[in-house]
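Single-letter residue listing:
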Amino acid sequence: MATNYSSISGGTPYGSGDPYYNASTGYITPPRPPKKTVSNWIKFGIPIAVLVIAGAIIGGVLGSRASKNSQSAAANSAATSAIQAKNDIGIYPTGTDSLYMLPLYPTTTNTAAFTVPTFISTSNADLAWPQDPFQPSNPSPTQVRSDRPRLIAPSYKWQALPNLIKNDPYLSSWNHSIFVNASQYMSLSPVAYVMDSGNGILDPARQVKQRVKAFSYVYRMTNDTKWLDRVWIELQNAAGNLTDTWGPSNSSRWNPAHFLDTAELTAAYGIAYDWLYDQWSADQLESIRFTMIEYGLSNGITAYDDANDPLYYGWWRNNTEGNWNCVCNNGLTMGSLAILGDDTTGIAQKLLGMMVTNALQNCALAPSSDGTWSETNDYWYFGSTGHAELSASLLSATGSTYNLLDVNPGMKLSGLFHMYGTGPGSLFNYGDTGPNKYTATANPVLFYGEQFNMPQYQLFQRDQADAADPWSMFWYDPTVSGAFWDGLALDHYFSNSTDQWASMRSSWTDENALFVAVKAGTLQGHQTHNDLDCGDFVVDALGTRWFGELGDGNYVAAGYFSSDAQDSERWLYYRKRTEGQNTILVDAANQNVLAAPTANFDSSGTSQGSSTVFNAPNGSTAYFTANLASAYFNVTSFSRGIRMINARTQVLLQDEINASASIMWRAHTNATVAFSNNNQTATLTVDSKTMVVQLLNPPNGAQFSTMDAVRLPTDPPTPTGWPDQPNPGVTVLVIELPAGQYTLEVLMDPQWSGVSSSSYVQPNSVPLSQWSLTSHP
């Protein structure tokens, strides 16, 4: 059921008609295609690179950047060597994994090829962007540069871009991909108006924006007017000038009740107006301005006027530290910056006087102090894109980001949140995390890498399947050099109490690596995008996600976003209930939303080094423990710990619980499950891959069994007319015990190729309170 916005008074329709909803199928891993190859997506993104490992890339200290104004002969000589090395090596990955859409790296021990991340100091025009000539001494959001374009890609960058493309394999690849994508869009009809009961018209709005970006980019690179003409058709279409079916014929045509739609269309029109400014006739400019003001910016004025906002268009302005505020403020800002000086209504100037302050108080505060985006991994994509576009547009148009990058130190760390949340089996997909839509990319990492002097961010993202995008062409710094994994720790702990999670792995570059992510954290304060999931975990190995999450549910289901209170209808749906997570269920009941877990983490601090070939040394380990008792009713004590053992080749999960009601250990898998050893050993199989799961030192009566991933017979019913979504192909591995005090030790052994059974270890039983870096083999 779609939210009735006219009935809202002071609340927020957060999530209803969610910005980028694409329902999860319920599979923990996608339906498996044939044996991994290069993805078909490659033709639209990163092309296959034949790697010729030759020459040395000039390195430096991790994260270092010398003055980019250096004119020394040594610096320019180093730059020349770096150019040659880049062209010899080409694109680092040899292809893209068609299952998880992650890069496949070559197996090489050539340490000259992959070096410490750095930005090379040079003024060499074949390698580096020139300095922006627009350097205002006293920047203001309402004082813009005199030349066009203003937004993200000023003219000096367009002038430098062709030469950089010739000398950088990544820019060359992305440029080709953008042209291919634009050609694909050209063959399609103009974007149709489709009103979704939950999404509003966000999908078509973002399609319009995507096409405008691509067509405008290709026009500026070719001067072929067919691209200009197609932009005009898309603009006329979304204005309702080509059809009477593109929304209502009034100021609500762009659906301001779901303001994300309005914001994204306003951004699209701003890009078209600004990037193609010199090509439009006076009448066309006037038409674009009128449409943008009528359906976009004027509704922004309403959204910023609490006294005259009866339909609550602007609910996202207040106490919304997340993606809605970022996306909405960004769209209005890009549109306003584009027409400032031409707008005779004063609306653009008025909005620019309000939006930066509001974004500083909301959007910029979205990441926690450790960089975690509390709305889950998916919403990092959407929120950070809005934040990066907003910051980059203000910087290019007015000469400053107005502390949008600096007011929250967690923003600098949000790239780490994304990197460590990405495992060989895709994201740590807790909460409302579903398949990414075609417009969701992680390219803000490129912008943050340059702005925060974090070369590893740029090096990580440039290899990803979603890197080819017009923004990337201007956010990427071609002086970046090295390998993101060189010197990067395998483990990281995100300690803020709201999220409280850890990431551990055996390699950054091996698609078969062992990966564990686990969380505790509070069960409120996530913009109603979380699950009741204290203690949840995922495990990847052998190119497979063995234990994983089901992702988001049906966003338009009754009560799905009602609240995060204990009695919320949200917690009636299986995927959001505690039983739908990889944790312990007590008395077949949901966890306590007032949970306040405490956690501990330690790591041997192992980092990979320069080679893509890495075997963790003996003693290399990491572990996470958490006191989860506050997350449960009928529990006297409960702690959970998980760790890597045996040089990061095995995983031990240990629970210590004292409960006065029934206990059920649960973990969701796509594997086929077979039992042996009195059902105290479970053998999991996916295709030809196997993981053996053993119950060590089992308490009396403890054994494995399986269940379907469906609600329990004792669960309260879902709202009438809204059944649970099916979770096809998912099995729940279960241990059931009556009330009592227990220690459950579950050992997970991926069956590595070429490793004998004698190489696996069975650790001694060690209480969680005594876990240390040396307590286990």
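So, here's what we can say about the structure. (Residues numbered from 1 in each chain as written. Predicted model: local features only at pLDDT ≥ 70, side-chain atom pairs only at ≥ 80, totals over all residues. Heavy atoms only, no water.)

What follows deals with the side chain of S336. Structurally, S336 can be placed in helix α8 (residues 323-339). Given a relative accessible area of 0%, S336 falls into the buried group. (Helix = DSSP H or I, 4+ residues; strand = E, 2+ residues; numbered from the N terminus. Buried < 20%, exposed > 50% of the residue type's maximum accessible area, 1.4 Å probe, protein only.)

Within the structure shown, the criterion is met by 1 disulfide. Two residues, C326 and C363, share a disulfide whose sulfurs are 2.1 Å apart. Negative torsions about the S-S bond denote left-handed disulfides, and the value of about 100° found for C326 with C363 makes this one right-handed. One end of the pair, C326, is in helix α8; the other, C363, is in the loop between α9 (347-361) and α10 (377-398), and 37 residues separate them in sequence. For C328, which is in no disulfide, the shortest distance to another cysteine sulfur is to C326 and amounts to 9.5 Å. Residue classification places C328 among the buried residues on the basis of a relative accessible area of 0%. (Disulfide = S-S within 2.5 Å.)

Sheet architecture is open: 5 strands sit in the order β8-β9-β10-β11-β12, paired in antiparallel fashion. Strands at the two margins of the open sheet, each flanked by one partner only, are β8 (492-494) and β12 (544-547). This sheet shows a mean twist of 15° between the axes of neighbouring strands, independent of strand direction. With 5 bridges connecting them, strand β9 (residues 501-505) and strand β10 (residues 515-519) associate as antiparallel partners. Bridge pairing in β10 places S503 opposite A517. (Pairing = 2+ DSSP bridges. Axes fitted to C-alpha atoms, helices over the stretch in contact; angles between N-to-C directions.)

What follows is about the sheet that holds strand β17 (residues 650-659). In space, the 8 strands of this open sheet follow the order β14-β15-β16-β17-β24-β21-β20-β19, with antiparallel pairing throughout. Each edge of the sheet is formed by a strand with only one pairing partner; in this case those strands are β14 (598-603) and β19 (672-676). In this sheet, neighbouring strand axes are inclined to one another by 15° on average, regardless of whether the strands run parallel or antiparallel. As judged from the 5 bridges shared by β19 and strand β20 (residues 681-686), these two strands associate in the antiparallel manner. In the strand pairing of β20, F675 is matched with A682.

The next subject is α10. Here α10 contains 22 residues, and its C-alpha end-to-end distance of 31 Å stays within 8% of the 32 Å for a straight helix at 1.5 Å per residue. Within α10, 21 of the 22 residues are buried, leaving the element largely enclosed by the surrounding structure. Immediately beyond the C-terminal end of α10, within one or two residues, lies G399, with a positive phi of roughly 95°. (Expected span 1.5 Å × (residues − 1).)

This model, assessed by the stated rule, comprises 52 aromatic pairs. Ring centres of W471 and W475 lie 6.1 Å apart, and the angle between their planes is 35°; this geometry places the pair in the tilted category. Taken together, the residues span about one helical turn, with W471 and W475 both in helix α14 (residues 470-475) at a distance of 4 residues. Neither residue differs from the other here; W471 and W475 are each classed as buried. Measuring from ring centre to ring centre gives 5.1 Å for F484 and W485, while their planes differ by 85°; the resulting arrangement is edge-to-face. According to the relative accessible area criterion, W485 is buried, its value standing at 0%. Positioned above the aromatic ring of W129 is the side chain of K157, whose terminal nitrogen or guanidinium carbon lies 4.7 Å from the ring centre. A cation over a ring is seen here: R317 above Y304, with NZ or CZ 4.8 Å from the ring centre. (Phe/Tyr/Trp six-rings, centres within 6.5 Å; stacked < 30°, edge-to-face > 60°. Lys NZ or Arg CZ within 6 Å of the ring centre and 35° of its normal.)

Describing two packed helices takes the angle between their axes plus the distance from one axis to the other. Relative orientation of the contacting elements helix α2 (residues 155-167) and helix α3 (residues 169-186) amounts to 110°, with a least axis distance of 5 Å. Put simply, α2 runs roughly perpendicular to α3. α2 and α3 meet at a crossing whose hand is left-handed. In this structure, α2 uses L164, I165 and N167 to contact α3, whose residues at the interface are P169, L171, S172 and N175. Across the contact of α2 with α3, the residue classes break down as 4 nonpolar, 3 polar and no charged. (Parallel < 35°, antiparallel > 145°, perpendicular 65-115°, else oblique. Left-handed = near helix turned anticlockwise from the far one by under 90°. Contact = heavy atoms within 4.5 Å. Nonpolar A, V, L, I, M, F, W, Y, C, P; charged D, E, K, R; others polar.)

Once that is clear, we can look at the pattern of salt bridges. For the structure shown, the criterion picks out 21 salt bridges. Residue K209 pairs with E389 through a salt bridge whose shortest N-O separation is 2.8 Å. Placement of the pair is K209 in helix α4 (residues 202-222) and E389 in helix α10, with a sequence separation of 180 residues. E389 matches K209 in its accessibility class, with the two residues each being buried. Put simply, D432 and R570 hold a salt bridge, and the shortest N to O gap is 2.9 Å. Of this pair, D432 sits in the loop between β6 (426-427) and α12 (444-451) while R570 is found in the loop between β12 and β13 (584-586), placing the two residues 138 residues apart along the sequence. Through salt bridges with shared partners, a single network forms among R206, K209, E264 and E389. (Salt bridge = Lys/Arg side-chain N within 4 Å of Asp/Glu carboxyl O.)

Let us look at the pairing of β12. Bridge count between strand β11 (residues 537-541) and β12: 3 bridges; the pairing is antiparallel. Each residue of the ladder has a partner; that of D540, found in β12, is R545.

This paragraph deals with helix α5 (residues 225-238). The end-to-end C-alpha distance of α5, which contains 14 residues, comes to 20 Å, matching closely the 20 Å that a straight helix rising 1.5 Å per residue would cover. Of all 14 residues in α5, 10 are buried; the element is thus mostly enclosed. All of the buried residues in α5 are W227, L228, R230, V231, W232, E234, L235, Q236, N237 and A238. Contacts from the buried residues of α5 go to α3, α4, α6 (259-275) and α7 (282-303). Just downstream of α5 lies G240, where phi reads positive at about 80°.

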